[in-house]
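Given next are the chains, with one letter for each unit.
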Amino acid sequence: MSGQNMSGQEEMVWTNAMTEEAAAEPVRPGFWRALRRGFARRCPRCGEAPAFAGYLKVRDHCDHCGEALDSYRADDAPPYFTIFLVGHIVVPLMLWVEKDWMPDLWVHVLLWIPLSLILTFLFLPRIKGAVLGAMVHLGIH
């Protein structure tokens, strides 16, 4: 028997070892899938269980797939992206209203402060979930 050929038993042991290695490494979702799952506030890996225990508190682990979600630290990225998005929605609307109707200052205050707060509270947990999804996809702990 040559050195390059394996017996059936050696090949089966080698194949089983490769299968165990593949099973030990978690399957990472695609980038857009992980982003969508995170934006929906679901586990970015499986999409089944919620990723958050509260409004912004990330769960320790996924109840469905066991992914350790608390090891991913989003830190300042979600507020930054939220400010960026809300600013790009509110500021053009504010300028448009001012240019076309020129309302009094109190009208601006009554319109834009509540709208900014509502959009911020709506987007912040979803953007944090999307950042969590990107981190899970990229394997950034």
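What you see is a predicted model, and the numbers here were worked out from it, not measured in a lab. (Residues numbered from 1 in each chain as written. Predicted model: local features only at pLDDT ≥ 70, side-chain atom pairs only at ≥ 80, totals over all residues. Heavy atoms only, no water.)

## Here's the deal with the pattern of salt bridges
(1) Moving on: Inspection of the entire model under this criterion finds 4 salt bridges.
(2) Moving on: Between Glu67 and Arg45 there is a salt bridge, with the nearest N and O atoms lying 3.2 Å from each other. Taken as a pair, Glu67 in the loop between helix H2 (31-39) and helix H3 (77-101) and Arg45 in the loop between H2 and H3 lie far apart in primary sequence, 22 residues in all.
(3) Moving on: Looking at Glu67, the relative accessible area reads 6%, which means it is buried.
(4) Moving on: Linked by salt bridges that have partners in common, Arg28, Arg45 and Glu67 make up one network. (Salt bridge = Lys/Arg side-chain N within 4 Å of Asp/Glu carboxyl O. Helix = DSSP H or I, 4+ residues; strand = E, 2+ residues; numbered from the N terminus. Buried < 20%, exposed > 50% of the residue type's maximum accessible area, 1.4 Å probe, protein only.)

## So, the packing of aromatic side chains
(1) Moving on: By the definition in use, this model includes 3 aromatic pairs.
(2) Moving on: Between the aromatic rings of Phe31 and Trp32, the centroid separation amounts to 5.1 Å while the plane-to-plane angle is 75°, which identifies the pairing as edge-to-face.
(3) Moving on: Under the relative-accessibility criterion, Phe31 is labelled partly exposed at 31%.
(4) Moving on: Assessed through its relative accessible area of 60%, Trp32 is described here as exposed.
(5) Moving on: Here Tyr80 and Phe81 contribute two aromatic rings whose centre-to-centre distance is 5.6 Å and whose plane-to-plane angle is 65°, an arrangement assigned as edge-to-face. (Phe/Tyr/Trp six-rings, centres within 6.5 Å; stacked < 30°, edge-to-face > 60°.)

## Remarks on the state of the cysteines
(1) Moving on: Taken as a whole and judged by the stated rule, the model has 0 disulfides.
(2) Moving on: Not engaged in a disulfide, the cysteine Cys46 finds its nearest cysteine sulfur in Cys62; these two sulfurs lie 3.6 Å apart.
(3) Moving on: As a non-bridged cysteine, Cys65 has Cys62 as the owner of its nearest cysteine sulfur, 3.6 Å distant.
(4) Moving on: On the basis of relative accessibility, which here comes to 27%, the residue Cys65 falls in the partly exposed class. (Disulfide = S-S within 2.5 Å.)

Limitation: the analysis is restricted to geometry and does not speak to function.
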